[in-house]
Amino acid sequence: MRSIRRHIETHRTDRIGWLRAAVLGANDGIVSTASLLVGVAAANASASSLMMTGVAGLVAGAMSMAAGEYVSVYSQTDTEEADLARERAELAADPAAELRELTAIYVGRGLQPELAAQVAEQLTNHDALGTHARDELGISGPHRARPVQAALSSAASFAGGAALPLAVVAIAPGNGLIYWICGTSLIFLAGLGALASKAGGANPLAGAWRVTFWGALAMAVTAGVGAMFGTVV
Ligand SMILES: [Zn+2]
């Protein structure tokens, strides 16, 4: 009997999901906090109020990311639960029709009708709801929605990103602070953009360029608004 070789290689998709979420969260943290800091610095704020603004921006941003992620993933959980409850009821009400439906799914995936019927029957006997959830609804264990995990990881990645320009405010010399914040933030963004693209198998340079362009634009706009306020106030 040929020994069953465990499925050991990891596919890119396995790690891309959480990496992409982490990079997007960190990007948000860098762009929104660096823009906030540049805007306030352009309005001639003192170093201490700059630091305070940055910390407030980090906390507010992380909390709003967590709240938004929790609510959106939770609603996905609700949908999944409702789908599973309906499926459970359909399986109880008309198991023969459900078996035909499952067989048709496997035929649609290329199995011969006899083999599809056999597979459907065996999998149904083994775990009817799990099989329909996976093969009919596309809901399977590793990809189930986890609202708390999602909320915590997006808050952490936002805070991690936001901490970078904040660290620059803490250690960079007072004059030319805006250039320090912009310059270092664009380098951080380019690095993250390249990382996310590389992890997704795409061209790292294109990824770096894309994120840096939009980050630079966001900082330029807020610096302009901040400078305007600085002259008016
Ligand atoms: Zn079904």
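Structure's up top.
These notes cover the structure that comes with them. These numbers were taken from a predicted model, which means no experiment stands behind them. (Residues numbered from 1 in each chain as written. Predicted model: local features only at pLDDT ≥ 70, side-chain atom pairs only at ≥ 80, totals over all residues. Heavy atoms only, no water.)

### Concerning the overall build of the chain
- The secondary structure content of the chain amounts to seven helices and zero strands.
- Sequence-ordered secondary structure for the chain, helices as α and strands as β, is α-α-α-α-α-α-α.
- Looking at the chain as a whole, 33% of its 233 residues qualify as buried.
- Carbon and sulfur atoms provide 66% of the accessible area of the chain, an area that totals close to 13900 Å². (Helix = DSSP H or I, 4+ residues; strand = E, 2+ residues; numbered from the N terminus. Buried < 20%, exposed > 50% of the residue type's maximum accessible area, 1.4 Å probe, protein only. Areas by Shrake-Rupley, 256 points an atom, 1.4 Å probe, with all protein chains shown as cover.)

### Structural notes on the side chain of Thr131
- By secondary structure assignment, the location of Thr131 is in helix α4 (residues 113-137).
- You can call Thr131 buried: its relative accessible area is 2%.
- Filtering out sequence-adjacent residues up to four positions away, Thr131 remains in contact with Leu102, Tyr106, Leu123, Thr124 and Glu136. (Contact = heavy atoms within 4.5 Å.)

### Side note on the coordination of the zinc ion
- In the first shell of the zinc ion, the protein supplies Glu87 (OE), Glu98 (OE), Glu101 (OE), His132 (ND1) and Glu136 (OE), at 1.8 to 2.7 Å from the metal.
- Counting along the primary sequence, the residues that act as donors to the zinc ion give the motif E-x10-E-x2-E-x30-H-x3-E. With His132 and Glu136 both in helix α4 and four residues apart, the pair spans about one turn of that helix. (Donors = N, O, S within 2.8 Å, 3.2 Å for Na, K, Ca; no water.)

### Observations regarding the side chain of Ser185
- Mapped onto the fold, Ser185 is located in helix α6 (residues 177-199).
- In this structure the side chain of Ser185 is engaged in a polar contact, spanning 2.7 Å, whose partner is the backbone oxygen of Ile181. (Polar contact = N/O pair within 3.5 Å; in protein donor to acceptor, adjacent residues only side chain to side chain.)

### Examining the packing of aromatic side chains
- This model, assessed by the stated rule, comprises three aromatic pairs.
- Aromatic pair Trp209 and Phe213: ring centres 6.1 Å apart, planes at 45 degrees, arrangement tilted. With a gap of four residues between them, Trp209 and Phe213 both fall in helix α7 (residues 204-232), about one helical turn apart.
- In this structure Trp209 comes out as exposed when scored by relative accessible area, which is 60%.
- Accessibility expressed as a relative area gives 38% for Phe213, which makes it partly exposed. (Phe/Tyr/Trp six-rings, centres within 6.5 Å; stacked < 30°, edge-to-face > 60°.)

### Regarding the nonpolar core
- One finds Leu37, Leu50, Val169, Leu177 and Ile181 to be the most contacted residues of the largest nonpolar core, which totals 30 residues.
- If you list the elements that add at least two residues to this core, you get α1 (12-42), α2 (47-93), α5 (147-171), α6 and α7.
- Among the elements that line this core, the one with the most residues is α1, at eight residues.
- When near neighbours in sequence (up to four residues on either side) are disregarded, Leu177 contacts Leu50, Val168, Val169 and Ala172.
- Counting residues in hydrophobic clusters, the runner-up holds five residues, among them Leu102, Ile105, Tyr106 and Ala120. (Core = buried A, V, L, I, M, F, W, Y, C linked by side-chain atoms within 4.5 Å.)

### Focus: unusual backbone geometry
- Its identity as a non-glycine residue notwithstanding, Asn44 has a phi of 60 degrees, on the positive side.
- Looking at where Asn44 falls in the secondary structure, it is placed in the loop between α1 and α2.
- Take Asn44: its relative accessible area is 63%, and that puts it in the exposed class.

### A few points about the pattern of salt bridges
- For the structure shown, the criterion picks out three salt bridges.
- Of the charged contacts, one joins Arg86 and Asp83 as a salt bridge, the two residues approaching to 3.3 Å between their closest N and O atoms. Residue Arg86 and its partner Asp83 are both found in helix α2; the two are separated by three residues, about one turn of the helix.
- With a relative accessible area of 47%, Arg86 lands in the partly exposed category.
- Using a relative accessible area of 22% as the deciding quantity, one classes Asp83 as partly exposed.
- A salt bridge links Asp135 to Arg134; the nearest nitrogen and oxygen atoms lie 3.1 Å apart.
- Residue Arg134 is classed as partly exposed on the basis of its relative accessible area of 39%.
- Here the salt bridges share partners, and the residues they tie into one network are Arg109, Arg134 and Asp135. (Salt bridge = Lys/Arg side-chain N within 4 Å of Asp/Glu carboxyl O.)

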